[in-house]
Amino acid sequence: MQTSKKILIGIVSIIVAVCAIFVVRWLVRYYFYNSYRDDLSSYEYEEGRAFQAISESSSDVAGMELAAQNDILKLYVNTVTGEVAVVDKRNGQITYSNPLDADQDAIANTMHKNYLKSQMIIEYFTAARTVGTYDSFSYCTDRNQLEVESIDNGIRFLYTVGDLNAATGIVPQYISAATLERVVSEMEAEGAAYVQQRYIDSSVADDYYELREGALTGASQLRKLNQYFESIGFTREDYVEEMMGSGVEGAVPTSFEIPLEYRLNNDAVDVSIPMNHVVENGDGKLYRIQLLRYFGTAGTEENGYMLVPNGSGSLINFNNGKPTAAWYAEYIYGIDPLASEYTVRENTVDAKMALFGIFRDNSAIFATIEDGASLGIISAYVSGKINEYNFIYPTFVLRGNDKLSMFGTTGNEADIPVIEPNYYDANITVKYTMLTQENATYAQAANYYRERLISEGKLTAKTDGEKDLKFYYDVLGGVTMTKFFLGTQYNGMYTMTDFDEAAEIYEDLKQSGITNQVMNFQGWMNHGYHHDVVDKIKVPLSMGGKSGLEDLSSLMAADGNIFYGDVAFQEISYVSRRYSYNNETSRYYGAGYVAEFGLVNPATLRKTSGLGYGENHYFLISPKFLVRYVDAFTKKIDKFDIGGISLRDLGYELHSDKKRTNIIDREAALDVVQASLAQIEDTGKSIMVNAGNDYAFAYADDMINVPLSSNDYYIVDSTVPFYEMLIHGYIDYAGSNINLSDTYDKADIVLNLVEYGAAPHFMFTYRNASDIKNTGLNRYYATTYSNWKDDAIAIYTEVNNALKYVSDAAIVNHEVLDNGVKVVSYSNGVVIYINESTEDQTVDGITVPARNYKVGGVN
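Residues numbered from 1 in each chain as written. Predicted model: local features only at pLDDT ≥ 70, side-chain atom pairs only at ≥ 80, totals over all residues. Heavy atoms only, no water.

Further remarks concern the overall build of the chain. Along the chain, the regular secondary structure elements total 16 helices and 46 strands. The C-alpha radius of gyration of the chain comes to 32 Å, within 12% of the 29 Å expected for a compact globule of 859 residues. Projected onto its principal axes, the C-alpha positions of the chain cover 105 × 105 × 45 Å. Here the chain holds 859 residues, and the buried ones make up 56% of them. The contacts in the chain between residues at least 6 apart in sequence include a share of 69% that link residues at least 24 apart. With an accessible surface of roughly 36400 Å², the chain has 47% of that area assigned to carbon and sulfur atoms. Computed over 68 positive and 114 negative side-chain charges, the separation of the two mean positions in the chain equals 7 Å. (Helix = DSSP H or I, 4+ residues; strand = E, 2+ residues; numbered from the N terminus. Rg over C-alpha atoms; globule rule 2.2 N^0.38 Å. Buried < 20%, exposed > 50% of the residue type's maximum accessible area, 1.4 Å probe, protein only. Contact = heavy atoms within 4.5 Å. Areas by Shrake-Rupley, 256 points an atom, 1.4 Å probe, with all protein chains shown as cover. Lys, Arg positive; Asp, Glu negative; His and termini not counted. Charge placed at Lys NZ, Arg CZ, Asp CG, Glu CD.)

Structure, rendered in structure tokens:
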């Protein structure tokens, strides 16, 4: 018996020890792991000073005071209305925050006229979880609720936005016993007795009193009570403190205290909202802020256009006659996947640049979002829709919301809206740069901005001189395929191209005259394309193993070419074997589901389908754990002698984690992603970025799948290569896979690549593409190298004949002539004429054949 008891105790002890070890490991690995916080940025709040206007003999702006100036700009302010005006000393141009004649607008209704006079429009969630709206004119400046402070090189407006008028004035409906005792002790006997008689015990909180019903509804009693409270210096702040202390929902009117800062910075005005000093009063929860909606707005008599970050860049002409068109609105870097709907209603390209602009004949305003971009939406309207103005502005989403579905109920009651408890902490900053006539076109603005990016170290000029254009191609290696062993089904790997076969493709292209190649090998490790997480790196022997991988990279490097190994850090396939999806995946705020996505089902339009293959499902890793895998990968990859790392998703995927115990917003996620990009750059290997957003420019040597067009919104008038104008000559790039495009017209493809200065980009498999028809990659249906070789060489040759002269030059101008010919000018003097029409055209004495191009300026 004793022996049995000892054995039992020993077994129980082992079980307890194992459980304890498991719990400790889980806590250390998941719960207490917070290394991502080391990557988060911070900011400081400058202490304000009493506002003192700068004296001058005469004001450049009637009715305003000079708040700050530098060698280039003057900042004038109206301390009552909150309006500002920026005077450019170089040309005398005055830019106003609001139109001067808002009340004379013939189209705008009362609400929109109030908007025209506002610097901010605030959307908030009410206690009932519906969305309410305050504009800063109606609910602040028109109520004399605006204060001002001086700050270095500028001014800070302190907006108290909301209806502060309580039904009882400053008399608290609920008051603590201690406060009531203090209040009556400071009053004369008559007043003390009057006040005490109108309060009774309350059940809302311990030691609280509340006004009698008669006092609440009696106007004369309230008027007298207010006089008594005012006589002892009782303030609205005291009122708010008492009402908040009662804990009664809706006791305090909803209002928001928001600082709005303007600072002169050389030729720009930096406009900021430091969120760490925003205060929410009452039950309202801040949702979104529209910032300076009408800054630099253009009227019906003006000529010009607005630049929007639609695809590669788009222009919306002033007064374009499309007032019935839907206004332009796009999330910067795309909508947060955890805030988007599962149903995909349109196939669009995400906005990849945090910028916009307003361009007139003699001047321009070029705006870049310096902080808070991932929370931003860019919107643009043309005259005739809601008022007589053309305007463009950013909106910032400052708190998330979700819906919690209730089982057993149907209809509207089935979904309960839930609101995140805290707004996002970011120093929202938009830089409005004032451009003079020499920089007053989109092309000149691109030149200006490129120089700024160079000075900030985000772009570095290429130094390899003029040479043949690069030829980009993805090589598909290992593919997940259903296999069987003794009748048992399992996921195995099928090799579409091994390293030796990829070397054959490389040599064959070289022999065909393509000597400047960039290979992006997909599916080279950890079970292929849908690879396991990258804390470990294992190269399949069936593809040639580590030695075969390094031999292929060395073969290309010997000719001065680059081999990239493709890696997915953020989209983790369902078939990953070492990933703990329940612990490491971002979660929704509402029901706490993990963020799991897939391909779009053509029948349901939901983006959660595997289309029959589990590997097409993927999880979005939390930014909290992205740090761990990047750190492990950078240590492992040093042991592999390959030329570069291709980032499949790190350059464009940007998502939050709404796990209730540790919410990580998109701005924090952006900090983590940028730190990860920097860590990968520190490996010393070249970096290729797929579909990169503008924050990836600083780290990329090559980019693929960049936008070479824009979304076809009706309000848009033309598409321009603004994205490419920023990076050409600094980062080499290519568009999407030509052999996987929806349409295939060689002439259109060549002309598009030539106009955008982009290299051709293909996807190849050594084996027949039909081999993957029963895999999750069956969408890559046209990749067989032998079938595409001739077309690839022909397209490359045509494009290279134009772009080989400008491989290291910047695009300094882009214009579309009246005859439809597009003229692209480069910093080395080369000019390329693109004629997409069906007739020959003559430009600058050069005849450009129909659907062809000509190169000028070549020595």
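The four strands lie next to each other as 2-3-4-5, forming an open sheet whose pairing is antiparallel. Both outer strands of the open sheet, strand 2 (65-69) and strand 5 (94-96), are each paired with one neighbouring strand and no more. For this sheet the average axis-to-axis angle between neighbouring strands, irrespective of direction, equals 25°. (Pairing = 2+ DSSP bridges. Axes fitted to C-alpha atoms, helices over the stretch in contact; angles between N-to-C directions.)

For the rest of this paragraph, the subject is the pairing of strand 23 (residues 391-397). Taking burial as the measure, the seven residues of strand 23 include seven buried ones, the bulk of the element. Summarising the sheet, strand 16 (residues 285-291) and strand 23 pair through three bridges and their orientation is antiparallel. Residue pairing across strands places arginine 288 opposite valine 397, the latter belonging to strand 23. Sheet analysis places strand 22 (residues 376-381) next to strand 23, joined by six bridges and oriented antiparallel. Within strand 23, the residue paired with serine 379 across the bridge is tyrosine 393.

This structure, assessed with the given rule, holds 39 salt bridges. For aspartate 566, the salt bridge identified is with arginine 648, shortest N-O distance 2.5 Å. You can see aspartate 566 sitting in strand 31 (residues 562-567) and its partner arginine 648 sitting in the loop between strand 35 (644-647) and helix 13 (666-681), a full 82 residues away along the chain. Between arginine 851 and aspartate 748 there is a salt bridge whose closest N-O contact spans 2.6 Å. With arginine 851 in the loop between strand 45 (846-848) and strand 46 (852-856) and aspartate 748 in helix 15 (residues 746-756), this pair connects stretches of sequence that are 103 residues apart. On the accessibility criterion, aspartate 748 (43% relative accessible area) is partly exposed. Taken together, the shared-partner salt bridges in this structure form one network comprising Glu46, Arg49, Glu149, Asp152, Arg156, Glu261 and Arg263. (Salt bridge = Lys/Arg side-chain N within 4 Å of Asp/Glu carboxyl O.)

To continue, consider the packing of helix 12 (residues 623-637) against helix 13. At a minimum axis distance of 10 Å, the contact between helix 12 and helix 13 shows a crossing angle of 0°. Between helix 12 and helix 13, the interaxial angle falls into the category roughly parallel. In this structure, helix 12 contributes Pro623, Leu626, Val627, Val630, Asp631 and Thr634 to the contact, and helix 13 contributes Ala669, Val672, Val673, Ser676, Gln679 and Ile680. In terms of residue class, the contact of helix 12 with helix 13 is built from eight nonpolar, three polar and one charged. (Parallel < 35°, antiparallel > 145°, perpendicular 65-115°, else oblique. Nonpolar A, V, L, I, M, F, W, Y, C, P; charged D, E, K, R; others polar.)

Moving on to the side chain of glutamate 261. By the element assignment, glutamate 261 lies in strand 13 (residues 255-265). Looking at glutamate 261, its side chain comes within polar contact range of the side chain of arginine 156, at 2.8 Å. In this structure, glutamate 261 is in contact with Tyr45, Ile151, Ile155, Arg156, Asp270, Val271, Ser272 and Pro274, ignoring residues within four places of it in sequence. (Polar contact = N/O pair within 3.5 Å; in protein donor to acceptor, adjacent residues only side chain to side chain.)

All right, on to the packing of aromatic side chains then. Per the stated rule, a full pass over the model turns up 44 aromatic pairs. Pairing phenylalanine 157 with tyrosine 262 gives two aromatic rings, centres 5.9 Å apart and planes at 85°, and the pair type is edge-to-face. You can see phenylalanine 157 sitting in strand 9 (residues 154-162) and its partner tyrosine 262 sitting in strand 13, a full 105 residues away along the chain. Taking the relative accessible area as the measure of exposure, phenylalanine 157 reaches 0% and is therefore buried. You can call tyrosine 262 buried: its relative accessible area is 1%. (Phe/Tyr/Trp six-rings, centres within 6.5 Å; stacked < 30°, edge-to-face > 60°.)

This next bit is on the nonpolar core. Counting residues in each nonpolar core, the largest one holds 196 residues, and the members touching the most others are Tyr473 and Phe722. For this core, the element with the most residues is helix 16 (residues 785-803), which contributes nine residues. When sequence neighbours within four positions are dropped, the list of residues in contact with phenylalanine 722 reads Leu307, Ser312, Gly313, Met353, Leu355, Phe366, Tyr442, Ala445 and Ala446. Within the second largest apolar cluster, 27 residues are counted, among which are Val183, Val184, Tyr194 and Ala215. (Core = buried A, V, L, I, M, F, W, Y, C linked by side-chain atoms within 4.5 Å.)

Following the sequence through the fold, threonine 784 ends up in the loop between strand 40 (761-764) and helix 16. A distance of 2.8 Å separates a polar atom in the side chain of threonine 784 from the backbone nitrogen of alanine 769. Those residues in contact with threonine 784 that sit more than four places away from it in its chain are Thr765, Arg767, Asn768 and Ala769.

Looking now at the sheet that holds strand 19 (residues 328-331). In space, the six strands of this open sheet follow the order 7-6-16-23-22-19, with antiparallel pairing throughout. Only two strands of the sheet have a single partner each, and these edge strands are strand 7 (131-135) and strand 19. Averaged over all pairs of adjacent strands, the angle between strand axes in this sheet comes to 20°, irrespective of strand direction.

Another aspect to go through is helix 13. Between its first and last C-alpha atoms helix 13 spans 22 Å; for 16 residues at 1.5 Å apiece the expected length is 22 Å, and the two agree. Lining the buried residues of helix 13 we find strand 21 (364-371), helix 12, strand 35 and strand 36 (686-690). (Expected span 1.5 Å × (residues − 1).)

A surface patch of nonpolar side chains, about 550 Å² in accessible area, is lined by Phe22, Val23, Trp26, Tyr31 and Phe32. Here valine 23 is to be found in helix 1 (residues 2-31). (Patch = residues over 30% accessible without salt bridge, like charges linked within 9 Å, V, L, I, M, F, W, Y side chains within 5 Å.)

Okay, the pairing of strand 8 (residues 146-151) next. Relative to strand 8, strand 1 (residues 49-50) runs antiparallel, the two sharing two bridges. If you follow arginine 49 over to strand 8, its bridge partner there is serine 150. Looking at chain direction, strand 8 and strand 9 are connected through six bridges and run antiparallel. Residue pairing in the sheet places valine 148 in a bridge with phenylalanine 157 of strand 9. Linking two consecutive strands that pair antiparallel, namely strand 8 and strand 9, is a turn of two residues; a positive phi of about 65° is found at asparagine 153 within it.

So, on to the environment of arginine 587. As for its placement among the helices and strands, arginine 587 is situated in the loop between helix 11 (581-584) and strand 33 (596-597). Judged by its relative accessible area of 16%, arginine 587 falls in the buried class. For the pair arginine 587 and serine 622, spaced 35 residues apart in sequence, the C-alpha separation works out to 8.0 Å. Setting aside anything within four residues of it in sequence, one finds arginine 587 in contact with Leu338, Asn582, Gly592, Tyr593, Val594, Asp657, Lys658 and Lys659.

Let's shift gears to the packing of helix 9 (residues 499-511) against helix 16. Packing of helix 9 against helix 16 leaves a shortest axis separation of 11 Å and a crossing angle of 30°. By the angle between their axes, helix 9 is roughly parallel relative to helix 16. As helix 9 runs across helix 16, the sense of the crossing is right-handed. Along its contact with helix 9, which presents Ile505, Asp508 and Leu509, the element helix 16 presents Tyr785, Lys789 and Ile793. Tallied by class, residues from the contact of helix 9 with helix 16 come to four nonpolar, no polar and two charged. (Left-handed = near helix turned anticlockwise from the far one by under 90°.)

Negative phi characterises most residues that are not glycine, and trans characterises most peptide bonds. At leucine 292, a residue that is not glycine, the phi angle is positive and equals roughly 45°. By secondary structure assignment, the location of leucine 292 is in the loop between strand 16 and strand 17 (304-308).

Glancing now at the environment of arginine 577. Its location among the elements puts arginine 577 in the loop between strand 32 (571-573) and helix 11. Given the relative accessible area of 56%, arginine 577 is considered exposed. C-alpha of arginine 577 to C-alpha of leucine 753: the two residues are 176 residues apart in sequence and 40 Å apart in space. Apart from the residues within four sequence positions on either side, arginine 577 is in contact with Asn491, His527 and Asp532.

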